[in-house]
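If you want the building blocks of each chain, they are given just below.
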Amino acid sequence: MQEDRTLIKFKDSLIVSGTGVMVFGFWVVIKSVLMLVFQRGEVNELVDHALDDPEERKYIYLVMVIILVIIIGIRSYIGLSARADGFGRKKSMVYVIVAVAVLIFEVWATIDSLSKFDGSSFDDIMDRSIEVLVDITTYIVMIQMIISSIAVRYLRRKKSEASHE
């Protein structure tokens, strides 16, 4: 009986965190657009001043849109798979593996972003601090989803073994 309650708790957590993973995927898009609008000079330096040339600007924007669509696609895959798993439709562990890979990459990107704090102005430090706080929240949601997925699998297997005995 207690295991059933625990399973339900982890399934609910999997559904909620799966939704969170998708919602925070849109945060990545919003953050990228805001960065392009408010930090155009820094972005322009990163792409060797390609934003100054109208012809190259089209290609930069196209590449950005493609990358953002891929990010939304991956996060939607992870989130929808987690939700399906939480609703009882068995999914393979692929989405969990993809989630771990995304988490590792995003943590690495945050650490890299933190290395740019040296010599920054107070406003830049505040802006990046807020970004990092939101990013950490996304990591917590992703970690919760991964833990819930593993727990649901374990409890389902345990329940299935108990019913066969």
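## Remarks on the overall build of the protein
Counting secondary structure elements, the protein contains 5 helices and 0 strands. Start at the N end of the protein and walk to the C end: the helices and strands fall as α-α-α-α-α. Here the protein has a C-alpha radius of gyration of 20 Å; the compact-globule value for 165 residues is 15 Å, and the former is much larger. With respect to the principal axes defined by its C-alpha atoms, the protein has extents near 70 × 35 × 20 Å. Residues counted as buried form 35% of the 165 residues belonging to the protein. Residue pairs at least 24 apart in sequence account for 75% of intrachain contacts in the protein once pairs closer than 6 positions are excluded. Of the roughly 10,500 Å² of accessible surface on the protein, a fraction of 68% belongs to carbon and sulfur atoms. Charge centroids of the protein, computed over 19 positive and 21 negative side chains, lie 15 Å from each other.

## Quick notes on the packing of aromatic side chains
Two aromatic rings are characterised by how far apart their centres lie and by the angle between their planes. The full count for this structure, using the stated rule, is 1 aromatic pair. The ring of Phe10 carries Lys9 above its face, with NZ or CZ at 4.8 Å from the centroid.

## Focus: the nonpolar core
Counting residues in hydrophobic clusters, the biggest one holds 21 residues, and the most contacted among them are Ile78, Tyr95, Met142, Met145 and Ile146. Those elements that place two or more of their residues in this core are helix H1 (2-38), helix H3 (54-86), helix H4 (94-114) and helix H5 (122-164). Top element by residues in this core is H5. It accounts for 8 residues. Here Met145 is in contact with Leu14, Ser17, Gly18, Val21, Ile78, Ala82, Tyr95 and Ala99, once residues within four sequence places are set aside.

## Thoughts on the environment of Ile15
Secondary-structure assignment places Ile15 in helix H1. In this structure, the C-alpha to C-alpha distance between Ile15 and Asn44, residues 29 residues apart in sequence, is 40 Å. Setting aside its immediate chain neighbours within four residues, Ile15 contacts Arg83, Gly86 and Phe87.

## Notes on a nonpolar patch on the surface
The grouping of Phe26, Ile30, Val33, Leu34, Val37 and Phe38 at the surface amounts to a nonpolar patch, some 620 Å² of accessible area in total. Mapped onto the elements, Phe38 comes out in helix H1.

Reading guide: rules and limits
- Residues numbered from 1 in each chain as written.
- Predicted model: local features only at pLDDT ≥ 70, side-chain atom pairs only at ≥ 80, totals over all residues.
- Heavy atoms only, no water.
- Helix = DSSP H or I, 4+ residues; strand = E, 2+ residues; numbered from the N terminus.
- Rg over C-alpha atoms; globule rule 2.2 N^0.38 Å.
- Buried < 20%, exposed > 50% of the residue type's maximum accessible area, 1.4 Å probe, protein only.
- Contact = heavy atoms within 4.5 Å.
- Areas by Shrake-Rupley, 256 points an atom, 1.4 Å probe, with all protein chains shown as cover.
- Lys, Arg positive; Asp, Glu negative; His and termini not counted.
- Charge placed at Lys NZ, Arg CZ, Asp CG, Glu CD.
- Phe/Tyr/Trp six-rings, centres within 6.5 Å; stacked < 30°, edge-to-face > 60°.
- Lys NZ or Arg CZ within 6 Å of the ring centre and 35° of its normal.
- Core = buried A, V, L, I, M, F, W, Y, C linked by side-chain atoms within 4.5 Å.
- Patch = residues over 30% accessible without salt bridge, like charges linked within 9 Å, V, L, I, M, F, W, Y side chains within 5 Å.
- Salt bridge = Lys/Arg side-chain N within 4 Å of Asp/Glu carboxyl O.

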